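Next come the chains, spelled out residue by residue.
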Amino acid sequence: MRASRKFTGPGPDIGDRLVLVRTGLRLLCGVFAALLVGTGVAAAVPAVDGGGSTVWLCRPGGSDDPCGGGTGAPIDCFYVYPTASTQAAANSDLTVEPEERFAAAEQAAPFDGQCNIWAPMYRQSTAAGLLTSPGAKRAGALDIAYDSFEAAWEDYLAHDNHGRGVVLIGHSQGSMMLRALIRNRIDGTPLQQLLVSAIIPGANVLVAAGKTTGGDFASVPACTGREQAGCVLAWSTFAENPPPDTNFGVSPDDPAVYGTRGHFPSGPDYEVLCTDPAAPGSAADTPFRSIIYGRKVSGYHGYCTTDGPRVLLVDGGGVGGVPPAASLPTVPAANWGLHLFDMNIAQQDLVDLVGVQGRVWLSRHSGEGH
């Protein structure tokens with residue numbers, strides 16, 4: 001049964017929850033560092049110097065690049081990091097800080113080698129803004145973020161793409177940016193031919209009920225098989241059934257919770273896309289190959305729910321020092337589920353999938369100068 005709802009704001013413990021958001025990426029690293037490798041979080045290193053009008057967090061060949069800096073892959077990845085900035089303003093500036101580097105190292109670096117990774121800094125809506133201006137009140141800050149991000153995308157297209165296939169990779173706010181970009185600039189345009197795939201968990205991508213398109217995108221479909229290119233994968237991770245006030249898995253009543261630049265649809269005629277990241281198109285329980293804090297982890301498994309909120313429901317762990325799924329931190333609150341682990345829960349599966357999708361895309365575009 002599909003549902004729509006209004007997003008709720010934070011409770012009275014805003015200060016405590018802001019601390020949790022600020023340390024969320026460190027928790028993602030630190031929980032597994034303690035349990036698996038017994039080491040601390042790496043220190044920050046200087047920003048990648050990209051030059052030009054875009055400040056690049058990551059770019060191929062960059063020194064001290066948190067995404068790996070590889071230059072030899074046949075396709076590109078364009079990565080947009082989640083809400084990470086701890087700056088006090090509603091929107092961040094373009095200073096590269098440890099939080100963005102943590103996000104890139106955890107979420108994007110494993111793809112290095114399958115693709116050359118580009119990741120711009122953008123004027124994102126900060127963690128402080130997320131908690132003090134929740135829901136549609138945050139729309140103005142998200143619009144500023146999108147305008148900044150889209151300028152970086154245009155810079156990349158104009159100066160760096162050269163007709164190469166692109167995998168779009170984002171998470172949370174980064175996925176919001178990519179939802180709007182695909183809707184505004186890619187879906188149904190000549191740029192769609194460059195799309196290898198889009199991996200955009202944690203942002204409630206919408207499709208028409210029972211369809212693979214017809215929600216956010218008219219012609220870019222959900223991925224329904226491993227040998228498919230030009231498609232979208234999206235999901236949100238929970239270790240138990242989402243609570244009634246869940247942030248994910250249901251279509252919101254007011255699409256302005258994602259900003260106004262995407263002109264997103266909303267309401268009960270749409271359902272949230274859930275793609276099994278290890279087996280696109282499958283509804284069966286699937287084993288996942290995770291990469292968390294740089295370590296390959298096995299033991300988790302899950303499936304996309306079809307009743308109620310549409311989320312990726314995971315279980316497992318608890319063997320060989322791997323924490324049980326039910327014990328992983330729900331940051332900043334239970335209605336976010338395992339949001340911090342969306343990208344990591346099946347990341348090795350995603351890395352391999354990008355390799356397959358890249359080969360499919362290249363085979364279709366051979367002889368076109370790519």
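Residues numbered from 1 in each chain as written. Predicted model: local features only at pLDDT ≥ 70, side-chain atom pairs only at ≥ 80, totals over all residues. Heavy atoms only, no water.

Trainee: I'd like to hear about the overall build of the protein, residue by residue, with values.
Mentor: Helices and strands together make up the secondary structure of the protein, namely seven helices and 14 strands. When the 370 residues of the protein are sorted by exposure, 56% land in the buried category. Taking all contacts inside the protein whose residues are at least 6 apart in sequence as the whole, residues at least 24 apart take part in 76%. Looking at the protein as shown, the accessible area adds up to about 13,600 Å², and 53% of this sits on carbon and sulfur atoms. (Helix = DSSP H or I, 4+ residues; strand = E, 2+ residues; numbered from the N terminus. Buried < 20%, exposed > 50% of the residue type's maximum accessible area, 1.4 Å probe, protein only. Contact = heavy atoms within 4.5 Å. Areas by Shrake-Rupley, 256 points an atom, 1.4 Å probe, with all protein chains shown as cover.)

Trainee: Please set out the layout of surface pockets residue by residue, giving values where relevant.
Mentor: The volume enclosed by the second largest pocket comes to roughly 270 Å³. Along the walls of the second largest pocket sit 19 residues, with Leu273, Cys274, Thr275, Gly281 and Arg310 positioned nearest its centre. (1 Å grid on protein atoms, 1.4 Å probe; cavity = no way out; pocket = protein on both sides within 12 Å on 5 of 7 lines; lining within 4 Å. Points joined across faces, edges and corners; volume = space filled by probe spheres on them.)

Trainee: Explain the environment of Glu100 to me, using residue names and the numbers behind them.
Mentor: Relative to the helices and strands, Glu100 is located in helix α3 (residues 98–108). On the accessibility criterion, Glu100 (1% relative accessible area) is buried. Between the C-alpha atom of Glu100 and that of Pro66, which follows or precedes it by 34 residues, the distance is 9.1 Å. Contact partners of Glu100, with chain neighbours within four places excluded, come to Leu57, Tyr81, Ala84, Ser85, Thr95 and Met121.

Trainee: Break down the confidence of the model for the protein for me, with residues and values.
Mentor: Averaged over every residue, the pLDDT of the protein is 87; the share at 70 or more is 85%. Overall, residues 1–23 carries pLDDT values under 50, and its contacts beyond four positions in sequence, including any with other chains, amount to 52 contacts. Scored below 50 in pLDDT, residues 25–51 shows 63 contacts in the model against residues more than four places distant or in partner chains. (pLDDT = per-residue confidence, 0-100.)

Trainee: Pulling in residues and values, what's your account of helix α7 (residues 347–364)?
Mentor: In a regular helix each residue adds 1.5 Å, so 18 residues correspond to 26 Å; α7 covers 26 Å between its end C-alpha atoms and thus fits that length. The buried fraction of α7 amounts to 13 of the 18 residues, a majority that puts the element mostly inside the structure. (Expected span 1.5 Å × (residues − 1).)

Trainee: Explain the nonpolar core to me, using residue names and the numbers behind them.
Mentor: Residues Phe78, Leu168 and Ile199 are the most contacted members of the largest nonpolar core, which totals 88 residues. Sequence-distant contacts of Phe78, that is, excluding residues within four places in its chain, are made with Trp56, Trp118, Pro120, Phe149, Ala152, Trp153, Tyr156, Val166, Val167, Leu168 and Ile169. One finds Leu130, Phe248, Leu313 and Trp336 within the second-largest nonpolar core, a separate group that totals seven residues. (Core = buried A, V, L, I, M, F, W, Y, C linked by side-chain atoms within 4.5 Å.)

Trainee: Tell me what's going on with the sheet that holds strand β12 (residues 286–292), and back it up with residues and numbers.
Mentor: Read across the open sheet, the four strands follow the order β9-β14-β13-β12; overall the sheet is mixed. Looking at strand neighbours, the two that pair on one side only are β9 (237–238) and β12, the edges of this open sheet. Pairing analysis gives five bridges linking strand β13 (residues 295–304) to strand β14 (residues 312–316), with the strands arranged antiparallel. Within β14, the position partnered with His301 by the bridge is Asp315. Along the sheet, α7 makes contact with β12 and β13, crossing β12 at roughly 95 degrees. (Pairing = 2+ DSSP bridges. Axes fitted to C-alpha atoms, helices over the stretch in contact; angles between N-to-C directions.)

Trainee: Run through the side chain of Thr246, naming residues and quoting values.
Mentor: If you trace the backbone, Thr246 turns up in the loop between β9 and β10 (251–252). Polar contacts involving the side chain of Thr246 include one to the main-chain carbonyl oxygen of Phe248, which spans 2.8 Å. (Polar contact = N/O pair within 3.5 Å; in protein donor to acceptor, adjacent residues only side chain to side chain.)

Trainee: Give me the state of the cysteines: which residues, what numbers.
Mentor: Enumeration according to the criterion identifies four disulfides in this entry. Disulfide pairing places Cys58 opposite Cys67 at an S-S distance of 2.1 Å. Residues Cys58 and Cys67 are joined through a disulfide that is right-handed, its torsion about the S-S bond being 65 degrees. The buried category is assigned to Cys67, whose relative accessible area is 1%. Across the disulfide, Cys274 is cross-linked to Cys304 (sulfur-sulfur distance 2.2 Å). Measuring handedness by torsion sign, the sulfur bridge of Cys274 and Cys304 sits at about -75 degrees and is left-handed. Placement of the pair is Cys274 in the loop between β11 (270–272) and β12 and Cys304 in strand β13, with a sequence separation of 30 residues. (Disulfide = S-S within 2.5 Å.)

Trainee: An account of unusual backbone geometry is requested, with residue identities and associated values reported.
Mentor: Of note, the bond from Val331 into Pro332 is cis; its omega dihedral lies within 30 degrees of zero at 5 degrees. Structurally, Pro332 is set in the loop between β14 and α7. Phi is positive for Asn204, which is not a glycine, with a value near 55 degrees. Examined against the element boundaries, Asn204 turns out to sit in the loop between β6 (195–199) and β7 (206–208). Here the phi dihedral of Tyr293 falls at roughly 55 degrees; this positive angle occurs in a residue that is not glycine. Positionally, Tyr293 belongs in the loop between β12 and β13.

Trainee: Please give an account of the sheet that holds β6 that cites residues and values.
Mentor: With mixed pairing, the six strands of this open sheet are ordered in space as β2-β4-β3-β5-β6-β8. Strands at the two margins of the open sheet, each flanked by one partner only, are β2 (56–58) and β8 (231–233). On average, adjacent strands in this sheet sit at an angle of 25 degrees to one another, irrespective of strand direction. Note: strand β5 (residues 166–170) against β6, four bridges, orientation parallel. Its bridge partner being in β6, Leu168 is matched across the sheet by Ala198.

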